[in-house]
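# Structural description and commentary
Spelled out, the chains give:
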Amino acid sequence: MVVISVIAIVLLLVYLDDKLGQFIFRNGRKKVVYPERRSDISLYINGRHLFSDYFAELGRARDHIHVLFYIIKNDETSAPFFQILKEKAAAGVKVRVLTDWIGSFGLPKALIRSLEESGVEFAYARKPRFPFFIYRLNRRNHRKITVIDGRVGYIGGFNIGREYNGKDANFGEWRDYHLKVNGEGVHDLQEQFLHDWEEATGRTVPDKHRYFPPLSAGAIRHQLVATNGAALEEQFIEVIRQAKKEIMIGSPYFIPSRPLFNELMQALRRGVRVTVLVPLKADHLFVKEAAYPYFYRLLKAGARIYRFYQGFYHAKTLVIDEEWCDVGTANFDRRSLFLNSEINCYVFDRAFTRLVKRAIERDLLRAEPLTVDFWQKRSLLDRGKQSISQLISAWL
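Under an unreviewed UniProt entry, the protein chain has the name Cardiolipin synthase and belongs to Geobacillus thermopakistaniensis. What the UniProt record of the protein chain gives under Subcellular location (unreviewed entry) is the line "Cell membrane".

Tyr177, Phe352 and Ile360 are the most contacted members of the largest nonpolar core, which has 42 residues in total. Apart from residues no more than four positions distant in its own chain, Ile360 is found in contact with Tyr177, Met248, Leu277, Tyr313, Thr317 and Val319. Leu264, Val274, Leu318 and Leu370 belong to the second-largest nonpolar core, a separate cluster that totals 38 residues.

Among the six residues of strand β3 (residues 64-69), six are classified as buried, and the element is accordingly described as predominantly covered. Side-chain alternation along β3 places His64, His66 and Leu68 on one buried face and Ile65, Val67 and Phe69 on a second face that is also buried. Pairing between β3 and strand β4 (residues 94-100): six bridges, direction parallel. Its bridge partner being in β4, Leu68 is matched across the sheet by Leu98. In terms of handedness, the path from β3 via helix α3 (residues 78-90) over to β4 forms a crossover that is right-handed. In terms of strand pairing, β3 meets strand β6 (residues 145-148) through four bridges, oriented antiparallel. Residue Ile65 lies in a different strand from β6, and its bridge partner there is Ile148.

A few words on the pattern of salt bridges. Pairing is possible between side chains of opposite charge, provided their charged atoms come close. Applying the stated rule across the entire model yields 24 salt bridges. Of the charged contacts in the structure, one is a salt bridge between Glu57 and Arg60, with a shortest N-O distance of 3.4 Å. Here Glu323 ties to Arg350 by a salt bridge, and the two come within 2.8 Å at their closest N and O atoms. Highlighted residues: Glu323 in the loop between β15 (317-320) and β16 (324-328) and Arg350 in helix α12 (residues 350-364), separated in sequence by 27 residues. What you see here is one network of salt bridges that share partners, running through Asp53, Glu57, Arg60 and Lys180.

With that out of the way, let us pick up the packing of aromatic side chains. Aromatic ring pairs are defined here through the distance separating the ring centres and the angle between the ring planes. In total, this model carries 24 aromatic pairs according to the counting rule given. Summarising the aromatic geometry, the rings of Trp101 and Phe105 are spaced 5.1 Å apart at their centres and angled 70° between planes, so their arrangement reads as edge-to-face. By relative accessible area, Trp101 is classed as partly exposed at 22%. For the ring pair Phe171 and Phe312, a centre distance of 5.3 Å and an interplane angle of 65° mean the geometry is edge-to-face. Taken together, the residues Phe171 in the loop between β7 (152-156) and β8 (174-183) and Phe312 in strand β14 (residues 312-313) connect sequence positions 141 residues apart. Overall, the relative accessible area of 15% leaves Phe171 in the buried class. For Phe312, a relative accessible area of 0% gives the class buried. Through successive ring pairs, a cluster of aromatic residues spans Phe51, Tyr54, Phe55, Phe69, Phe81, Phe82, Tyr154 and Phe158.

Rules used in this analysis
- Residues numbered from 1 in each chain as written.
- Predicted model: local features only at pLDDT ≥ 70, side-chain atom pairs only at ≥ 80, totals over all residues.
- Heavy atoms only, no water.
- UniProt positions renumbered as here; feature names shortened; annotations may be inferred.
- Core = buried A, V, L, I, M, F, W, Y, C linked by side-chain atoms within 4.5 Å.
- Buried < 20%, exposed > 50% of the residue type's maximum accessible area, 1.4 Å probe, protein only.
- Contact = heavy atoms within 4.5 Å.
- Helix = DSSP H or I, 4+ residues; strand = E, 2+ residues; numbered from the N terminus.
- Pairing = 2+ DSSP bridges.
- Right-handed = clockwise from strand over helix to strand, strands pointing away.
- Salt bridge = Lys/Arg side-chain N within 4 Å of Asp/Glu carboxyl O.
- Phe/Tyr/Trp six-rings, centres within 6.5 Å; stacked < 30°, edge-to-face > 60°.

Next up, the structure:
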C-alpha cells in the first residue's frame, strides 16, 4: 500500500510539473515565419550520398561552420565529422556545434573536451533544470541545421550516426529526406541557428554581419518556418484543407492531433486521395501501436496506408496536389506539433514537388499495404500496447 501511495504521489508531481510548466512558459511557444525566398535546392534520400556531399562542403569551409543536430553519435560515421570540425577550427574557421541534450545524451566528455581544445565551440540545447524539470526535459530541440560560410545550408531529417548511414543491422537501409540549400534561404537557416545558439548558451554572438554575406536568388521559391510547440498544427490543417486531389504524408510516427486527424477525414469525404507512408519497424517503444486507432478509421474511409519494410523510414514530408511540398524536421505527431522545436521548408515549386513525390512513390514500392483485415487480426500483445500508447501518446 505504501509503494502504491509513493508511486501515485510521484506521478502526481510529474503531472503538476508538466502542466504548470506548460502554463508558465506558454508565451514562449511560438512560430517564426521567414520571408518567401528563392534558392537552388537539392534533395538527398540516403545517408551515403548526403554525408559524402556534406563532409566535402564542411572541408571547403573558409570562414565559419554552424551545426545543429538533434542527435550526434560517437561512432565510425561521426568520427570523420568530428575530425573535419577539429581541423577547420584549428585552421582558424569559427566552428559552433549545438546538439540536443537528450538526443545526444552520452557523448563522451573526453570527445567534447578534444573538440573544445581544437577551438570548436560546443553547447547543449535544452538542458533540463529546476524548476519544472520534467516540463523542460520533455521539450526538445529537434532541428537539424547546418550553415557553411553563410552560403550553403542543410535542413532535413538526418542526424549524425551510423544508423543514418545505413550501417546499423537492426535498421538496415535508413530512408530519410534532407535538403541542401544554396541561395537566399541560407540567411534564414543562419538566423535560426544563431537564435538557438544564443538561447542555449546565454551569450550574444558578436560580429553577426560576417555570417550574412550577400546571396543570389535561386530557381526554387520556398519558405522556412520554425515552430516551438505551437502553430504547426494550424499550418498543416490549412494546407490539407486546400488539397483538391491528393495528399501524401511520410513520417516515422503518425500520432496527429484530433483537429488535424479530422481534417484528413474531411479531405477523404470530399474525394481527396490520402496516402500515408510509415515504417514497418519501430525505433521507439509504443509509437507504432499509437498510430493504429488512426489507421483503422483512415482505412475505413478509403485512405491508403503503407509500411516501409526495406530498412527504416524516417522522412518527414507532406505533398499536396503536386503543387506544394514540405520537407523538414517535424514528424506527423503530437510531439512535433506541441512540444519540440522544429524547422520545415515549404516549397512552392511544381517540378521540385514532383521530385519529392517520385521519391515517395519509389519508397512505396518497398512498402506493404496495411489492411483493415490485418488491423482486426492483431495479437493481444499489440492490442495491449495500443491501449498503453493511447494513454501516453502526447509524450511519444
